[in-house]
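If you want the building blocks of each chain, they are given just below.
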Amino acid sequence: MIPVIYWSGTGNTEAMANAVARAIDASGEESKLVEVDSATVEMVEGADKIAFGCPAMGSEELEENSMRPFMDDVNPKLKGKSVLLFGSYDWANGEWMETWEDEVRGLGVSYIDTIIAKGEPDGKALEECEKRARLLSEA
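Residues numbered from 1 in each chain as written. Predicted model: local features only at pLDDT ≥ 70, side-chain atom pairs only at ≥ 80, totals over all residues. Heavy atoms only, no water.

Draft legend 1. Broad picture of helix α5 (residues 123-138). Between its first and last C-alpha atoms α5 spans 23 Å; for 16 residues at 1.5 Å apiece the expected length is 22 Å, and the two agree. In the core, the buried residues of α5 are packed alongside β1 (2-6), α1 (12-26), β3 (49-53), β4 (82-89) and β5 (111-118). Structurally, the start of α5 carries an N-cap: the backbone nitrogen of lysine 124 is 3.2 Å from a side-chain oxygen of aspartate 122. (Helix = DSSP H or I, 4+ residues; strand = E, 2+ residues; numbered from the N terminus. Expected span 1.5 Å × (residues − 1). Contact = heavy atoms within 4.5 Å. Polar contact = N/O pair within 3.5 Å; in protein donor to acceptor, adjacent residues only side chain to side chain.)

Draft legend 2. Local environment of the nonpolar core. Formed by 26 residues in total, the largest nonpolar core has its most connected members in Ile5, Phe52, Met71, Leu78, Trp100 and Val104. Elements represented by at least two residues in this core include exactly α2 (41-45), β3, α3 (67-74), β4 and α4 (95-105). In this view, methionine 71 contacts Phe52, Leu62, Leu78, Trp100 and Val104; residues no more than four positions away in its chain are not counted. Ranked by size, the runner-up nonpolar core spans 19 residues in total, among them Tyr6, Ala51, Phe86 and Ala133. (Core = buried A, V, L, I, M, F, W, Y, C linked by side-chain atoms within 4.5 Å. Buried < 20%, exposed > 50% of the residue type's maximum accessible area, 1.4 Å probe, protein only.)

Draft legend 3. Region of the structure containing the sheet that holds β1. One open sheet accounts for five strands, arranged β2-β1-β3-β4-β5; its pairing is parallel. The open sheet has two free edges, formed respectively by β2 (31-35) and β5, since each of these has just one partner strand. Adjacent strand axes in the sheet meet at a mean angle of 15 degrees when their direction is disregarded. In terms of strand pairing, β1 meets β3 through three bridges, oriented parallel. Looking at the pairing, tyrosine 6 lines up with glycine 53 of β3. Together, β1, β2, β3, β4 and β5 form the strand contacts of α1, whose direction differs from that of β4 by roughly 145 degrees. Packed onto the sheet, α4 meets β3, β4 and β5 and runs at close to 165 degrees relative to β4. (Pairing = 2+ DSSP bridges. Axes fitted to C-alpha atoms, helices over the stretch in contact; angles between N-to-C directions.)

So far we have only geometry, and geometry alone does not tell us how the molecule works.
Here it is in structure tokens:
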């Protein structure tokens, strides 16, 4: 089972999460789509592969009330795991994703990939979510 844990304020990152989960399921793996407030550390501990989604917030950072604290809790559990990070942004240049990727890469993950979409994800962005989710399934 591959957890797809996300936070979405406007529905953009949720649309990406749905595309990721669909592609994982279509690849023959089983996804578990979970809003971050319902996610547990145990879900992360029990998974070899995991996807996290969060849009850029504030000055290009993770959502601070749910996603940031959850990532702080699970970061020590990510060593050796395969991780996909995804999210959307409406301003700036997507720097939050580079920062998030550097943070997770530094934890000793075995595989990492990222997807970002500017604003509402269009068909091309959703196809990219599906492609990257298939790569996560194969990792």
